[in-house]
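The lines below spell out each chain.
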Amino acid sequence: MPDAPADHTDDENLVVARKWHPWRWVISAAVLILVAQFVHGLAINPGWDWATFAQYFTASSVLSALWMTIELTLWGTVLGFALGVLLAIGRLSNNPVLQVVSWTYIWAFRSIPLIVQLLFWFNIAYLYKTLSIGIPFGPAFFEFGVAGVISGFTAAVIGLALHQAAYSAEIIRAGIISVDHGQIEAANALGIPRYRQFVKIVLPQAMRAILPNAANEVISLFKGTSIVSTMAIAELFYQVQVIFGRTGRVVPMLMVATVWYIILTTILSIGQYYVERHYARGSARALPLTPWQRVVAKYREIRDSGIGAPRGATK
C-alpha cells in the first residue's frame, strides 16, 4: 500500500516565539509612572492656576501679540532667505569680490549676538539722523529722517532678517554643493541650459538637504522673536510680561505663551513634514505612509480581519 500523505498541519501552525525583554517592560512602566505623576501634578497643583490660563489664553491682547509674533517670523523668514540666496550665490560664484563680501557678511552676522543687532538697529537714529538717495559721493535726490522711517517693528524686522540671512546662506550653499557634480557635467554634455539645470536637476535634489535645516531655522526664528521684547515691541512674550507684571500671575501667563509657542511650532513641523515628503519623490521607489494613511490602513486591516472565512472553511 502507498504511504499516507504527510500531515503538514503542525508545521503550518508553527509560530516563532518572541524573545522576552523583561527590563524593557520595567523601564516602560517606570517612565509611564513618571509621566502619570507629572500629568497628575498639572491637574491638581493650584500653582498652575488653570482658571487664569483659560481667561487669558484667547484674550484679545494676547491674540494681537501672537499675530505680531507671526508677522515678525514671516518677514524675517522671507527677507532672510531671499538675502541668503544672494549670499549663497556670491559664495559659490567665481567672482572673488562677491566671495569675499559674502563670506565677510556671514562671518560678521553669525559672530554678533542677535540681541546686539536688534538694539543696534533700534538705535540707528543716534548714528544717522537722515538718509539720502542720490549719486554716491555726489548730490542727493531724496532725503528723509531715519527716526520717522525706521520704527521699532521695522528695526526688529531688519535685525531678524539680516541675522537669519547669514545662517540661511550657509544652509542653501550646503544644499547646493551636496548635489553630485557629475549630474551637472552630464547636463552640460546634453546641452541643457544653466537655468534649466538649476531648476530641474540641482534644486529638487538640493531641497532635500536644505529643508530640514531651513525648517529648524524658521522654528528657531519664531521662538527667537521673544528677544524683541527688549525693544518694547508688543509681541507674544512682551504682552505676557505686561499681563503678569500687572496681575502677579507669572506661572499661568508663562504657560499661555508656552502653549501658543507649542501650537505654532507643531503647525510648522507638520508643514515641514509634507514639504519634505514632496521633495522626497524620486529618492525612493515608494514613500512611507503619512500618519493619516497609517491610521486608515490600520482601520481597514481591523475591519477586514472580521470579515474572513470561518475557521475550517475552504475558499
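Residues numbered from 1 in each chain as written. Predicted model: local features only at pLDDT ≥ 70, side-chain atom pairs only at ≥ 80, totals over all residues. Heavy atoms only, no water.

## Overview of the packing of aromatic side chains
Piece 1. A complete count under the given rule lists nine aromatic pairs for this structure.
Piece 2. Measuring from ring centre to ring centre gives 5.7 Å for phenylalanine 120 and tryptophan 121, while their planes differ by 85°; the resulting arrangement is edge-to-face.
Piece 3. Ring centres 5.4 Å apart and planes at 75° place the aromatic pair phenylalanine 222 and tyrosine 261 in the edge-to-face group. One end of the pair, phenylalanine 222, is in helix α10 (residues 194-224); the other, tyrosine 261, is in helix α12 (residues 250-279), with 39 residues separating them in the sequence. Across this residue pair, the class does not change: phenylalanine 222 and tyrosine 261 are buried.
Piece 4. Each member of the aromatic cluster is reached from another via a ring pair, and the members are Trp48, Trp50, Phe53, Phe57 and Trp260. (Phe/Tyr/Trp six-rings, centres within 6.5 Å; stacked < 30°, edge-to-face > 60°. Helix = DSSP H or I, 4+ residues; strand = E, 2+ residues; numbered from the N terminus. Buried < 20%, exposed > 50% of the residue type's maximum accessible area, 1.4 Å probe, protein only.)

## Things to note about helix α5 (residues 96-111)
Piece 1. Here α5 is 16 residues long and its end C-alpha atoms lie 22 Å apart, about the 22 Å a rise of 1.5 Å per residue gives.
Piece 2. Taken as a whole, α5 has its buried residues at Ser102, Tyr105, Ile106 and Phe109. Projection of α5 onto a plane perpendicular to its axis shows the buried side chains occupying an angular sector of 95°, all on one side. Pointing more than 90 degrees away from the buried face of α5 are the exposed residues Pro96, Val97 and Val100. (Expected span 1.5 Å × (residues − 1). Arc of directions from axis to C-beta.)

## Some thoughts on the side chain of threonine 225
Piece 1. Assignment of secondary structure puts threonine 225 in the loop between α10 and α11 (236-247).
Piece 2. Taking relative accessible area as the criterion, threonine 225 reaches 0% and is therefore assigned buried.
Piece 3. Among the polar contacts made by the side chain of threonine 225, one reaches the main-chain carbonyl oxygen of phenylalanine 222 at a distance of 2.6 Å.
Piece 4. Ignoring sequence-local partners within four residues, the contact set of threonine 225 consists of Thr69, Leu72, Thr73, Leu160 and Glu235. (Polar contact = N/O pair within 3.5 Å; in protein donor to acceptor, adjacent residues only side chain to side chain. Contact = heavy atoms within 4.5 Å.)

## Notes on the nonpolar core
Piece 1. Ranked by size, the top nonpolar core spans 18 residues in total, and within it Tyr56, Val62, Leu236, Val240, Met253, Val256 and Trp260 carry the most contacts.
Piece 2. If you list the elements that add at least two residues to this core, you get α3 (50-57), α4 (60-92), α11 and α12.
Piece 3. Here this core gets seven residues from one element, more than from any other, and that element is α12.
Piece 4. Leaving out residues up to four positions away in the same chain, valine 62 has contacts with Tyr56, Phe57, Leu236, Gln239, Ile243, Val256 and Trp260.
Piece 5. Counting residues in each nonpolar core, the second largest holds 13 residues, with Leu118, Ala156, Leu160 and Met231 among its members. (Core = buried A, V, L, I, M, F, W, Y, C linked by side-chain atoms within 4.5 Å.)

## Comments concerning the environment of isoleucine 184
Piece 1. With respect to the helices, strands and loops of the structure, isoleucine 184 is situated in helix α9 (residues 181-189).
Piece 2. Residue class for isoleucine 184 comes out partly exposed when judged on its relative accessible area of 21%.
Piece 3. Residues isoleucine 184 and valine 202 lie 18 residues apart in sequence; the distance between their C-alpha atoms is 7.8 Å.
Piece 4. Every residue in contact with isoleucine 184, bar those within four places of it in the chain, is listed here: Gln197 and Val202.

## A few points about the UniProt feature "transmembrane region" (unreviewed entry) in the protein
Piece 1. In this numbering, the UniProt entry assigns the feature "transmembrane region" (unreviewed entry) to residues 23-43, 74-93, 105-128, 140-162, 218-238 and 250-275.
Piece 2. Between the C-alpha atoms that bound residues 105-128 the distance is 21 Å, and the span itself is 67% helix and 0% strand.
Piece 3. Counting secondary structure, residues 218-238 comes out at 48% helix and 0% strand; the distance between its end C-alpha atoms is 20 Å. (UniProt positions renumbered as here; feature names shortened; annotations may be inferred.)

## As for the packing of α10 against α12
Piece 1. Following both chains from N to C, one finds α10 and α12 inclined at 175°, their axes separated by 10 Å at the closest point. What the angle tells us is that α10 and α12 run roughly antiparallel. For the pair α10 and α12, the contacting residues are Pro204, Met207, Arg208, Leu211, Pro212, Ala215, Val218, Ile219, Phe222 and Lys223 in the first and Tyr261, Leu264, Thr265, Leu268, Ser269, Gln272, Val275, Glu276 and Tyr279 in the second.
Piece 2. Split into classes, the residues belonging to the contact of α10 with α12 amount to 13 nonpolar, three polar and three charged. (Axes fitted to C-alpha atoms, helices over the stretch in contact; angles between N-to-C directions. Parallel < 35°, antiparallel > 145°, perpendicular 65-115°, else oblique. Nonpolar A, V, L, I, M, F, W, Y, C, P; charged D, E, K, R; others polar.)

## What about the side chain of serine 229?
Piece 1. Within the secondary structure layout, serine 229 lies in the loop between α10 and α11.
Piece 2. A distance of 2.7 Å separates a polar side-chain atom of serine 229 from the backbone oxygen of serine 226.
Piece 3. The contacts of serine 229, once residues within four sequence positions are left out, are Glu235, Phe237, Tyr238 and Gln241.

## Structural notes on unusual backbone geometry
Piece 1. Here the phi dihedral of aspartate 49 falls at roughly 50°; this positive angle occurs in a residue that is not glycine.
Piece 2. Examined against the element boundaries, aspartate 49 turns out to sit in the loop between α2 (22-44) and α3.

## Digging into the packing of α5 against helix α8 (residues 152-177)
Piece 1. Two numbers describe how α5 lies on α8: the axes approach to 9 Å, and their chain directions differ by 120°. For the element pair α5 / α8, the angle class is oblique. Both α5 and α8 take part in a crossing whose hand is left-handed. In this structure, α5 contributes Tyr105, Ile106, Phe109 and Arg110 to the contact, and α8 contributes Leu162, His163, Ala165, Ala166, Tyr167, Ala169 and Glu170.
Piece 2. Each residue belonging to the contact of α5 with α8 can be placed in one class, and the counts come to eight nonpolar, one polar and two charged. (Left-handed = near helix turned anticlockwise from the far one by under 90°.)

## Here we look at the pattern of salt bridges
Piece 1. Enumeration according to the criterion identifies four salt bridges in this entry.
Piece 2. In this structure, glutamate 170 engages arginine 173 in a salt bridge whose closest nitrogen and oxygen atoms are separated by 3.0 Å. With glutamate 170 and arginine 173 both in helix α8 and three residues apart, the pair spans about one turn of that helix.
Piece 3. With a closest N to O distance of 3.9 Å, lysine 298 and glutamate 301 form a salt bridge. A residue pair is termed a helical-turn pair when its members lie 3 or 4 positions apart in one helix, as lysine 298 and glutamate 301 do in helix α13 (residues 291-305) at three residues.
Piece 4. Given the relative accessible area of 45%, lysine 298 is considered partly exposed. (Salt bridge = Lys/Arg side-chain N within 4 Å of Asp/Glu carboxyl O.)

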